[in-house]
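Notes for the structure review
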Amino acid sequence: MKIGDIVEYDNEFGIIIEIPKLDENGKYLAGDLLVRLDTVKENDIESCLGNLEGFLKIVANHEFKFIKQNKQLKK
């Protein structure tokens, strides 16, 4: 999986995002891959690792109801 992939789990859809980890100078160190779920809650984010890792399916396309492709809530 990579950032921007659309995924499905148990009839819920989302998009893979990254939360970057930076050092004190702002230099990129690493990042955690997460799923931003297509819900009205802006902070509805789940880890790709652990329980979901083997169950996420990449889908070719999905029309999001609440989020834009750039991971922001639709207004």
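As shown above, the structure is provided for reference.
Notes on the structure follow.

Cut-offs used in this document
Along each chain, numbering runs from 1 in the same order as the chain's sequence is written. Two thresholds apply to this predicted model, a pLDDT of at least 70 for residue-level local features and 80 or more for giving and counting side-chain atom pairs, whereas whole-chain, interface and lining totals are computed over all residues. Side-chain measures here rest on the full set of heavy atoms in the structure, leaving out hydrogens and waters. What makes a salt bridge here is a side-chain nitrogen of Lys or Arg within 4 Å of a carboxyl oxygen of Asp or Glu, nothing more. Counting from the N terminus, the helices are the DSSP runs of H or I reaching at least four residues and the strands are the DSSP runs of E reaching at least two. The cut-offs for exposure are 20% and 50% of the maximum accessible area for each residue type, with area from a 1.4 Å probe on protein chains only; residues under the lower value are buried, those over the upper are exposed, and the others partly exposed. Strand pairing is assigned whenever DSSP detects at least two bridges linking the two strands. Between N-to-C directions, angles span 0 to 180 degrees; the directions come from axes that are lines fitted to C-alpha atoms, helices contributing only their stretch in contact.

This part covers the pattern of salt bridges. Using the criterion set out here, one finds three salt bridges in the structure. With its nearest N and O atoms 3.5 Å apart, the salt bridge here joins Asp32 to Lys21. Residue Asp32 is found in strand β3 (residues 28-37), and its partner Lys21 is found in strand β2 (residues 12-22); the two are separated by eleven residues along the sequence. Exposure remark for Lys21: the relative accessible area of 44% places this residue in the partly exposed category.

In space, the five strands of this open sheet follow the order β4-β3-β2-β1-β5, with antiparallel pairing throughout. Only two strands of the sheet have a single neighbouring strand rather than two, namely β4 (45-47) and β5 (57-59). Across the sheet, the axes of successive neighbouring strands diverge by a mean angle of 45°, strand direction being ignored. One ladder, built from nine bridges, connects β2 with β3; its direction is antiparallel. When the bridges of β3 are listed, Ile17 appears paired with Leu34.

Before going further, it helps to spend a moment on the environment of Ile16. Note that Ile16 resides in strand β2. For Ile16, a relative accessible area of 0% translates into the label buried. For the pair formed by Ile16 and Arg36, sequence separation is 20 residues and the distance between their alpha carbons is 6.4 Å.

Structurally, Asn61 can be placed in the segment after β5. Spatially, the C-alpha atoms of Asn61 and Asp5 are 9.3 Å apart, while their sequence positions differ by 56 residues.

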